[in-house]
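Chain residues, written in single-letter form:
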Amino acid sequence: MTALRLHALGAAPRAEQVPVPSPAAGEVLVRMTASVVGHHDLGVIAGTLPHAPPPFVPGLEGAGRVTALGEDVDGELAVGTPVRVVARALRAGTWAEYVVAPPTALLPLPEALDPALAAASGTVSLTAWAALDLGSLEPGQSLGVTGATGAVGSLAVQLAVRRGVERIVAWTRHPGGLPTGVEHATDDHPPEQLDLLVDTVGGELLPRRLHAVRPGGRAVLVGYTAGEIVCFELPALLVADVSLLPLNMMRRRVPREVALELLDDFAAGRLQLATDVVDLDGLDDALTRLRDGRAAGRVVLRW
């Protein structure tokens, strides 16, 4: 089988031929059809995020079909079942034609769901749902979202619309991609009196954007693509009385029934997410687009 292996931090992964792994007891063999190429993977490849030393196969998530079961695997995961793979406790990452995984790392997919969308929607839809849940967003309240046309941001907006949120305000470079009724905000003309801010970008502008949140409101911190360092004036923050809520998806668990409902929503077209699907020959260009912020949606490698 073909696997992308990283031999040195900062180098490009190389396509290599390696044996197809065999599932041990309690494991499942999955033939991958789509593997996500995300910002977390860029950090792992660069060495800025923790990982075991090279050589290794990168990749956190993807989609495929069950091709073999190890001993002591029963339940809903029959051979031929389409599944989403999330790389928790995997022997290797998802940038390969086959992976072995415990059943807890797999979620069955609707047959109607496109594999690329199934792979791309995984962690971002769960993160968007968890951000609204952590922020205790209720019907009739108001929401602001930074990076609102990005993967997590756009899904947070869509899920908020379905929750019956009274007012949604979006910070984004491309206001044309916003749903009808969503207000476009700029830092020169920020909104006021939001109940919740979901910040997906971080950076030096975050303190200014907190001024849009009402006293006693909340801000869920999801990402830092605009910058990792933020400086607050503590007196201003205390006067503002805005609760800062960091979202750590490595520790937070979304109920299984919610994850399955979200998959059904994508299969039925009730939720949408842009994908940038590439083959193996296009991976280097896709990595460059991702680093430069030019990817037209979530990058997915098709096998």
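Our subject in this report is the structure included herewith. (Residues numbered from 1 in each chain as written. Predicted model: local features only at pLDDT ≥ 70, side-chain atom pairs only at ≥ 80, totals over all residues. Heavy atoms only, no water.)

1. Details of helix H3 (residues 122-134)
Residues that lie three or four places apart on an α-helix share one face, since the helix turns once every 3.6 residues.
Working step 1: End to end, H3 covers 18 Å across 13 residues, agreeing with the expected 18 Å (1.5 Å per residue, within 8%).
Working step 2: With 10 of 13 residues buried, H3 is to be regarded as a mostly interior element.
Working step 3: Those residues of H3 that fall on the buried side of the exposure criterion are Gly 122, Val 124, Ser 125, Leu 126, Thr 127, Ala 128, Trp 129, Ala 130, Ala 131 and Leu 132.
Working step 4: Of the residues flanking the end of H3, it is Ser 136, one or two places downstream, whose phi is positive at about 55 degrees. (Helix = DSSP H or I, 4+ residues; strand = E, 2+ residues; numbered from the N terminus. Expected span 1.5 Å × (residues − 1). Buried < 20%, exposed > 50% of the residue type's maximum accessible area, 1.4 Å probe, protein only.)

2. Considerations on the pairing of strand S14 (residues 275-278)
Working step 1: Only one face of S14 is covered, namely the face carrying Asp 276 and Val 278; the face carrying Thr 275 and Val 277 is uncovered.
Working step 2: Bridge analysis of S14 against strand S15 (residues 298-302) gives 4 bridges, and the strand direction is parallel. Along S15, the bridge assignment pairs Asp 276 with Val 299.
Working step 3: The parallel pair S14 and S15 is bridged by helix H8 (residues 283-292), and the resulting crossover is right-handed. (Pairing = 2+ DSSP bridges. Right-handed = clockwise from strand over helix to strand, strands pointing away.)

3. Notes on the sheet that holds strand S10 (residues 183-185)
Working step 1: On the basis of which strands lie adjacent, the open sheet formed by 6 strands has the order S10-S9-S8-S11-S12-S13 and parallel pairing. Each of the sheet's edge strands pairs with one partner strand only, and the pair in question is S10 and strand S13 (243-246). Along the sheet, successive strands turn relative to each other by an average axial angle of 20 degrees, direction set aside.
Working step 2: As defined by bridge partners, strand S8 (residues 142-146) adjoins strand S11 (residues 194-199) across 4 bridges and the pair is classed as parallel. Its bridge partner being in S11, Leu 143 is matched across the sheet by Leu 196.
Working step 3: The strands touched by H3 are S8, S11, strand S12 (213-221) and S13; relative to S11, the strand with the most contacts, the crossing angle is about 145 degrees. (Axes fitted to C-alpha atoms, helices over the stretch in contact; angles between N-to-C directions. Contact = heavy atoms within 4.5 Å.)

So yeah, pure geometry; function would need other evidence.
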